[in-house]
Amino acid sequence: AFDPELGGKDFDEVLVKFFCEEFAQKYKLDVRSKPRALVRLYQECEKLKKLMSANSSDLPLNIECFMNDIDVSGKLNRAKFEEFCAELLAKVEAPLRSIMEQTRLKKDDIYAVEIMGGASRIPAIKERISKFFGTELSTTLNADEAVARGCALQCAILSPAFKVREFSITEVVPYPISLKWTSAADEGISDCEVFPKNHAAPFSKVLTFYRREPFSLEAYYNNPKELPYPDPTMGQFNIQKVVPQPSGESSKVKVKVRVNVHGVFSVSSASLVEVVKSAEGEEPMETDTPAKEDENKMQVDQEVQKAQGDDQKEHADKKSDTEDMEASEDNKQEEKKNEPPQAKKAKVKTKTVDLPIENSLHWQLASETLNLLVENEGKMIMQDKLEKERNDAKNYVEEYVYEMRDKLHGVLENFVSEADRDSFSLKLEDTENWLYEEGEDQQKQVYIDKLAELKKLGEPIQNRLMEAEERPKALNELGRQIQQYMKVVGAYKAKDELYDHLDELEVMKVEKQVNETMTWMNNKMNLQSKQSLSQDPVVKAQEIQAKTKELYSACNHVVTKPKPKVEPPKEETPAEQNGPVNGQEGSEAQAGNPEKGQAAPENTEAKLPEMDID
Ligand SMILES: *[C@@H]1O[C@H](CO)[C@@H](O)[C@H](O)[C@H]1NC(C)=O
Ligand SMILES: *[C@@H]1O[C@H](CO)[C@@H](O)[C@H](O)[C@H]1NC(C)=O
């Protein structure tokens, strides 16, 4: 992490360079002229790199149709790879040594060395790190996910939506930050390092200036050599509306500089301390009056707040920096209150006035530019969505072609005439070819239309199969019902006691309906039996189901009409009131009706079960 040019992609780069040269020689290909080919080469090289970490023998790299329809292949082994990477590998030790120096730790102080990041799998890197620390390396973290997990944890800590167990992380300022300004007195330039390297962050500091007029501060990284960026300037902060004291003397201006929780530096606030004449009308006088001091002098008051406290408060409150700053102000006031009272005789009163700060940050985008980029991002998201839909539409066509081609010679074979099957097969084949040619890159609607065109041919065939599967089930159900009603009609005609309460006219209606339905069913079955499977059926399962429902509605309520209770001779058996009519062990048997009791089992069979056609 301490060397920006020592990551996994730098090793990929070495491989890409090698294969670009090799393919130029072997196949006369200029890989770098074709971005698409180059991207594929990067992907393959990354894979090869991973393989080489696990296997030291010669390993192949093959890419089909790489460029200009040419298949390419090459090979490499770990030993050669390490040779090519010698320069990179030599860089491993420097950051390790540097971190030991910066932390002032000795190797003995290190308890364990945990490595992470994809590149930490490269054996040559592991070897060097292990050798440096003189210890075995620990790999208890997922090398690829460790960073992402850490980021996720940090996000959760910062988010107001998550509660995270107490977790202490001290961030540091990676590159020292200085301020410089034109001094008021001798027109020279002064500067001051406000955040040295590895200073804890987030952290605020208050600087005190003595000025009569607005002034500006320039923030910059004071060690451009270690900065991974060519320009060390951060930006200009203009402290505005600075005025002299009524007495004409310089005003005390307090400027707060801050590195926030995101590591971003800013001059976050400025205020002018105005001396107000006391009520007694005495001369204003501050104990630490600056009047005669050199105006170049600047005091740096370190915030009493420690970084840790600052950090925790931010996390605990999940509040913005602004509120944090207010809290700091409170702290300062407290500081003042704590001063011995005699040091600040009641003679002098001060008033603090906030001053506006104008920023001109060096690398911050202008808001129009930023808006434009955000807008562009939105457009690209839309584009991605459309592209996905387009791809999906294309895939549906492809899937349908494959599915139908299979089924036409499988489950659907009997449900289509030979002539239709041949022409449909041809159509599917044409579509497949089309997909690889002019159909490769079409608008979404073109694919939707294409699919509809195919389905117009395929769906009737699939429907015939579906009907052939559903028809017997529907016919069975209808037949079962016809049988049941016929049985009741028969029993009624045979004067079965069970049904002698039914209305004759209604039973006749049932018989008629049953007869009609049976005629309808027999007729359909007869016609259907002469029909080939490849023809559309004479009756659809749905029609049969509708017929069944119709029959049920007409007949069920007639034949299930409950038998009225026969008043028992004397006793009042409460259970009788709503006891079952034909209960096998119903109260009737006990109520002294032995015939019925005996008839019950037989009747149960004859009895119509409650049917639920729906
Ligand atoms: C290493 O790769 C070679 C070539 O693909 C293969 O033959 C060999 O079995 C591999 N060795 C191991 C240990 O995986
Ligand atoms: C129903 O059909 C049976 C047998 O075919 C017949 O005897 C009976 O008269 C018919 N009933 C009605 C109401 O059509």
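Residues numbered from 1 in each chain as written. Chains lettered and ligands numbered in written order. Predicted model: local features only at pLDDT ≥ 70, side-chain atom pairs only at ≥ 80, totals over all residues. Heavy atoms only, no water.

The name given to the protein chain in an unreviewed UniProt entry is Heat shock 70 kDa protein 4-like, with the source organism recorded as Sinocyclocheilus grahami. Reading the Sequence similarities (unreviewed entry) entry of the UniProt record for the protein chain gives the comment "Belongs to the heat shock protein 70 family." (UniProt positions renumbered as here; feature names shortened; annotations may be inferred.)

Draft legend 1. Layout of the overall build of the protein chain. For the protein chain, the count of helices and strands is 17 helices and 14 strands. When burial is assessed residue by residue, the protein chain has 34% of its 614 residues classed as buried. Sequence-distant contacts in the protein chain: of pairs separated by 6 or more residues, those separated by 24 or more amount to 68%. (Helix = DSSP H or I, 4+ residues; strand = E, 2+ residues; numbered from the N terminus. Buried < 20%, exposed > 50% of the residue type's maximum accessible area, 1.4 Å probe, protein only. Contact = heavy atoms within 4.5 Å.)

Draft legend 2. Inspection of the site of ligand 1 at higher detail. Neighbouring residues of ligand 1: Asn55, Ser57 and Leu59. For ligand 1, an oxygen atom lies 2.3 Å from a polar atom in the side chain of Asn55. With the chains in place, 28% of the 360 Å² that ligand 1 exposes on its own is no longer accessible. (Near = heavy atom within 4 Å. Polar contact = N/O pair within 3.5 Å; in protein donor to acceptor, adjacent residues only side chain to side chain. Areas by Shrake-Rupley, 256 points an atom, 1.4 Å probe, with all protein chains shown as cover.)

Draft legend 3. The arrangement of the nonpolar core in detail. Counting 40 residues, the largest nonpolar core has Phe11, Phe19, Val31, Leu41 and Phe66 as the members making the most contacts within it. Of all elements in the fold, only helix H1 (8–27), helix H2 (35–54), strand E1 (59–67), strand E2 (70–76), helix H4 (86–89), helix H5 (93–103) and helix H6 (123–133) reach the threshold of two or more residues within this core. Formed by 27 residues, the second largest nonpolar core is a distinct cluster that contains Phe203, Leu207, Ala270 and Leu272. (Core = buried A, V, L, I, M, F, W, Y, C linked by side-chain atoms within 4.5 Å.)

Draft legend 4. Region of the structure containing the confidence of the model for the protein chain. When pLDDT is averaged along the protein chain, the result is 82, and 80% of the positions lie at 70 or above. Helix H9 (residues 321–338) is the least confidently modelled element of the protein chain, averaging 35 in pLDDT, while helix H3 (residues 78–84) averages 96, the highest of any element. Scored below 50 in pLDDT, residues 281–298 shows 32 contacts in the model against residues more than four places distant or in partner chains. Long-range and interchain partners of residues 572–614, a stretch whose pLDDT sits below 50, account for 52 contacts in this model, where long-range means more than four residues apart. (pLDDT = per-residue confidence, 0-100.)

Draft legend 5. Spotlight on the packing of aromatic side chains. Enumeration according to the criterion identifies 13 aromatic pairs in this entry. Here Phe209 and Phe215 contribute two aromatic rings whose centre-to-centre distance is 5.1 Å and whose plane-to-plane angle is 45°, an arrangement assigned as tilted. Residue class for Phe209 comes out buried when judged on its relative accessible area of 2%. Judged by its relative accessible area of 7%, Phe215 is buried. Aromatic side chains Trp434 and Tyr447 sit 5.8 Å apart centroid to centroid with 65° between the ring planes, which places their arrangement in the edge-to-face category. One end of the pair, Trp434, is in helix H11 (residues 418–436); the other, Tyr447, is in helix H12 (residues 444–493), with 13 residues separating them in the sequence. Summarising the burial analysis for this pair, Trp434 and Tyr447 share the class buried. Among the aromatic residues, those joined into a ring-pair cluster are Phe18, Phe19, Phe23, Tyr27, Phe66 and Phe84. Just above the ring of Phe215 sits the side chain of Arg211; from NZ or CZ to the centre is 4.9 Å. The positively charged end of Lys450 is found above the aromatic ring belonging to Trp434, 4.6 Å away from the centroid. (Phe/Tyr/Trp six-rings, centres within 6.5 Å; stacked < 30°, edge-to-face > 60°. Lys NZ or Arg CZ within 6 Å of the ring centre and 35° of its normal.)

Draft legend 6. Spotlight on the side chain of Arg390. The topology assignment puts Arg390 in helix H10 (residues 367–408). Among the residues examined, Arg390 registers a relative accessible area of 15% and is labelled buried.

Draft legend 7. Focus on the environment of Val538. By the secondary structure assignment, Val538 is in the loop between helix H13 (504–529) and helix H14 (541–559). Separated by 14 residues in sequence, Val538 and Lys524 place their C-alpha atoms 6.9 Å apart. Those residues in contact with Val538, other than ones at most four positions away along the chain, are Lys524, Leu527, Gln528 and Gln531.

Draft legend 8. Spotlight on the pairing of strand E4 (residues 177–182). Bridge count for E4 against strand E5 (residues 189–195) is 6 bridges, and the pairing is antiparallel. Note that in E5 the partner of Lys180 across the bridge is Asp191. With 5 bridges joining them, E4 and strand E8 (residues 215–221) adopt antiparallel strand pairing. If you follow Ile177 over to E8, its bridge partner there is Tyr221. (Pairing = 2+ DSSP bridges.)

Draft legend 9. Seen up close, H1. The end-to-end C-alpha distance of H1, which contains 20 residues, comes to 28 Å, matching closely the 28 Å that a straight helix rising 1.5 Å per residue would cover. Of the residues making up H1, those classed as buried are Gly8, Asp10, Phe11, Asp12, Val14, Leu15, Val16, Phe18, Phe19, Cys20, Glu22 and Phe23. Buried residues belonging to H1 abut H2, E1, E2, H3, H4 and H6. Just beyond H1, the residue with positive phi is Lys28, at close to 55°. (Expected span 1.5 Å × (residues − 1).)

Draft legend 10. Examining the pattern of salt bridges more closely. All chains considered together, the criterion is met by 27 salt bridges. Measuring nitrogen to oxygen at the nearest pair gives 3.9 Å for the salt bridge that ties Lys75 to Asp58. Linking Lys75 in strand E2 with Asp58 in the loop between H2 and E1, this pair joins segments that are 17 residues apart in sequence. Residue classification places Lys75 among the exposed positions, given a relative accessible area of 51%. One salt bridge connects Glu470 with Lys473, and the closest N-O pair in it is separated by 3.3 Å. One end of the pair is Glu470 and the other is Lys473, both in helix H12 and 3 residues apart, which spans about a single turn. Members of the salt-bridge network, linked through shared partners, are Lys385, Glu389 and Lys444. (Salt bridge = Lys/Arg side-chain N within 4 Å of Asp/Glu carboxyl O.)

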